[in-house]
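# Commentary on secondary and tertiary structure
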Amino acid sequence: MLFSKKVAVGINLNDPQTEILKGIRQLEFLNQSEVHFVTINMTTSYAIGLGESSIVYPLIDDQKKIREATISALNQLTSTLLGQNFKGKIIFECIFSDDPKRKFCDYVEEGGIDTIVLASREKKGFFESSFTNYVNKHSRANLIVLKHKV
(Lines give C-alpha, C1' and ligand atoms only; values in the text may rest on other atoms or scores of the structure.)
Protein backbone atom coordinates (compact mmCIF):
# COMPACT_ATOMS: atom_id res chain seq x y z
CA MET A 1 0.00 0.00 0.00
CA LEU A 2 1.33 3.41 -0.95
CA PHE A 3 0.93 5.87 1.92
CA SER A 4 1.55 8.98 -0.15
CA LYS A 5 2.05 9.57 -3.84
CA LYS A 6 3.46 13.08 -3.46
CA VAL A 7 5.52 14.24 -0.50
CA ALA A 8 6.97 17.70 0.16
CA VAL A 9 10.03 17.96 2.40
CA GLY A 10 10.54 21.53 3.59
CA ILE A 11 14.20 22.39 4.04
CA ASN A 12 15.76 25.53 5.47
CA LEU A 13 19.34 25.54 4.19
CA ASN A 14 20.22 28.37 6.60
CA ASP A 15 19.38 26.18 9.60
CA PRO A 16 21.47 23.02 9.94
CA GLN A 17 18.78 20.34 9.79
CA THR A 18 20.77 17.64 8.03
CA GLU A 19 21.07 15.37 11.06
CA ILE A 20 17.38 15.40 11.93
CA LEU A 21 16.31 15.05 8.31
CA LYS A 22 18.31 11.82 8.06
CA GLY A 23 15.31 10.33 9.83
CA ILE A 24 13.39 10.35 6.54
CA ARG A 25 15.43 7.32 5.46
CA GLN A 26 13.29 5.30 7.84
CA LEU A 27 10.07 6.43 6.14
CA GLU A 28 9.86 3.49 3.75
CA PHE A 29 6.77 4.79 1.95
CA LEU A 30 9.01 7.48 0.42
CA ASN A 31 10.83 4.86 -1.68
CA GLN A 32 7.96 4.81 -4.21
CA SER A 33 6.81 8.43 -3.87
CA GLU A 34 7.35 11.64 -5.78
CA VAL A 35 9.41 13.67 -3.30
CA HIS A 36 9.59 17.46 -3.57
CA PHE A 37 12.49 19.05 -1.70
CA VAL A 38 11.35 22.63 -1.20
CA THR A 39 13.19 25.63 0.16
CA ILE A 40 11.70 29.10 0.34
CA ASN A 41 13.80 32.26 0.45
CA MET A 42 12.50 35.46 1.95
CA THR A 43 12.12 38.50 -0.30
CA THR A 44 11.86 42.10 0.82
CA SER A 45 10.01 44.84 -1.07
CA TYR A 46 10.95 48.51 -0.83
CA ALA A 47 8.53 51.16 -2.04
CA ILE A 48 9.86 53.86 -4.34
CA GLY A 49 8.46 57.38 -4.37
CA LEU A 50 4.84 57.43 -3.28
CA GLY A 51 4.44 53.67 -3.37
CA GLU A 52 3.57 53.42 -7.06
CA SER A 53 6.31 50.87 -7.65
CA SER A 54 8.70 48.84 -5.55
CA ILE A 55 12.03 47.08 -5.72
CA VAL A 56 12.13 43.46 -4.60
CA TYR A 57 15.33 42.08 -3.06
CA PRO A 58 16.98 39.87 -4.00
CA LEU A 59 16.79 41.15 -7.56
CA ILE A 60 15.65 38.83 -10.37
CA ASP A 61 19.22 38.24 -11.60
CA ASP A 62 20.34 37.43 -8.07
CA GLN A 63 17.36 35.11 -7.60
CA LYS A 64 18.48 33.06 -10.61
CA LYS A 65 21.96 32.62 -9.13
CA ILE A 66 20.54 31.79 -5.69
CA ARG A 67 18.12 29.28 -7.26
CA GLU A 68 20.95 27.50 -9.10
CA ALA A 69 23.12 27.31 -5.96
CA THR A 70 20.18 26.15 -3.84
CA ILE A 71 19.17 23.39 -6.23
CA SER A 72 22.78 22.22 -6.38
CA ALA A 73 22.91 22.12 -2.56
CA LEU A 74 19.59 20.26 -2.40
CA ASN A 75 20.85 17.74 -4.93
CA GLN A 76 23.92 17.01 -2.78
CA LEU A 77 21.85 16.85 0.39
CA THR A 78 19.31 14.37 -0.97
CA SER A 79 22.02 11.85 -1.74
CA THR A 80 22.62 11.60 2.01
CA LEU A 81 18.94 11.73 2.99
CA LEU A 82 17.39 9.09 0.75
CA GLY A 83 18.40 5.46 1.03
CA GLN A 84 19.62 3.06 -1.64
CA ASN A 85 16.11 1.62 -2.08
CA PHE A 86 14.65 4.90 -3.33
CA LYS A 87 12.94 4.34 -6.68
CA GLY A 88 10.65 7.35 -6.74
CA LYS A 89 10.98 10.72 -8.41
CA ILE A 90 12.80 13.73 -6.93
CA ILE A 91 11.82 17.35 -7.62
CA PHE A 92 13.79 20.34 -6.34
CA GLU A 93 12.07 23.68 -5.77
CA CYS A 94 13.57 27.00 -4.75
CA ILE A 95 10.84 29.57 -4.22
CA PHE A 96 11.05 33.28 -3.38
CA SER A 97 8.31 34.99 -1.40
CA ASP A 98 7.66 37.77 1.08
CA ASP A 99 5.39 35.33 2.98
CA PRO A 100 7.21 31.95 3.06
CA LYS A 101 4.64 30.17 5.25
CA ARG A 102 1.73 31.01 2.98
CA LYS A 103 3.74 30.32 -0.18
CA PHE A 104 4.71 26.86 1.06
CA CYS A 105 1.05 26.05 1.80
CA ASP A 106 0.10 27.34 -1.66
CA TYR A 107 2.78 25.11 -3.22
CA VAL A 108 1.42 22.09 -1.36
CA GLU A 109 -2.16 22.82 -2.41
CA GLU A 110 -1.34 23.56 -6.07
CA GLY A 111 0.98 20.55 -6.38
CA GLY A 112 -1.49 18.05 -4.96
CA ILE A 113 0.91 17.09 -2.19
CA ASP A 114 -0.43 14.33 0.10
CA THR A 115 2.13 14.48 2.91
CA ILE A 116 4.51 17.10 4.27
CA VAL A 117 7.71 16.33 6.19
CA LEU A 118 9.24 19.14 8.25
CA ALA A 119 12.02 19.37 10.81
CA SER A 120 11.17 21.41 13.87
CA ARG A 121 12.65 22.50 17.16
CA GLU A 122 10.94 21.85 20.44
CA LYS A 123 8.52 24.50 21.62
CA LYS A 124 10.46 27.58 22.64
CA GLY A 125 8.69 30.51 24.10
CA PHE A 126 5.23 31.92 24.60
CA PHE A 127 4.07 32.58 21.04
CA GLU A 128 3.20 29.88 18.54
CA SER A 129 4.50 31.40 15.34
CA SER A 130 6.57 28.55 13.97
CA PHE A 131 6.60 27.53 10.34
CA THR A 132 5.49 24.02 11.28
CA ASN A 133 2.56 25.27 13.34
CA TYR A 134 1.39 27.50 10.48
CA VAL A 135 1.62 24.68 7.92
CA ASN A 136 -0.29 22.36 10.24
CA LYS A 137 -3.16 24.85 10.55
CA HIS A 138 -3.31 25.97 6.90
CA SER A 139 -2.71 22.79 4.91
CA ARG A 140 -4.93 19.78 4.26
CA ALA A 141 -1.97 17.46 3.69
CA ASN A 142 -0.79 14.99 6.33
CA LEU A 143 2.10 16.38 8.36
CA ILE A 144 5.07 14.46 9.72
CA VAL A 145 7.20 16.51 12.12
CA LEU A 146 10.75 15.44 12.92
CA LYS A 147 11.78 17.10 16.19
CA HIS A 148 15.14 17.69 17.78
CA LYS A 149 16.33 19.48 20.85
CA VAL A 150 17.92 22.90 20.55
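As a reminder, the structure under discussion sits directly above these lines.
In what follows, the accompanying structure is described. What you are looking at is a predicted structure, and each value in this text was computed from that prediction instead of being measured. (Residues numbered from 1 in each chain as written. Predicted model: local features only at pLDDT ≥ 70, side-chain atom pairs only at ≥ 80, totals over all residues. Heavy atoms only, no water.)

### Some points on the packing of aromatic side chains
Under the counting rule described, the total for this entry stands at three aromatic pairs. Seen from their ring centres, Tyr 46 and Tyr 57 are 5.5 Å apart, and the 65° between their planes marks the pair as edge-to-face. Note that Tyr 46 is positioned in strand β3 (residues 44-48) and Tyr 57 in strand β4 (residues 53-57), a separation of eleven residues in sequence. Classification of Tyr 46 as partly exposed rests on a relative accessible area of 48%. Tyr 57 sits in the partly exposed class, given a relative accessible area of 38%. (Phe/Tyr/Trp six-rings, centres within 6.5 Å; stacked < 30°, edge-to-face > 60°. Helix = DSSP H or I, 4+ residues; strand = E, 2+ residues; numbered from the N terminus. Buried < 20%, exposed > 50% of the residue type's maximum accessible area, 1.4 Å probe, protein only.)

### Structural notes on the pattern of salt bridges
Summed over the entire model, instances satisfying the criterion amount to three salt bridges. Asp 99 is the salt-bridge partner of Arg 102, the closest N and O atoms lying 3.4 Å from each other. Judged by its relative accessible area of 34%, Arg 102 is partly exposed. Note that Arg 140 is salt-bridged to Glu 109, the shortest N-O span being 2.9 Å. Taken together, the residues Arg 140 in the loop between α4 (131-138) and β7 (142-148) and Glu 109 in helix α3 (residues 100-111) connect sequence positions 31 residues apart. With relative accessibility at 45%, the residue Glu 109 sits in the partly exposed group. Here the salt bridges share partners, and the residues they tie into one network are Asp 99, Arg 102 and Asp 106. (Salt bridge = Lys/Arg side-chain N within 4 Å of Asp/Glu carboxyl O.)

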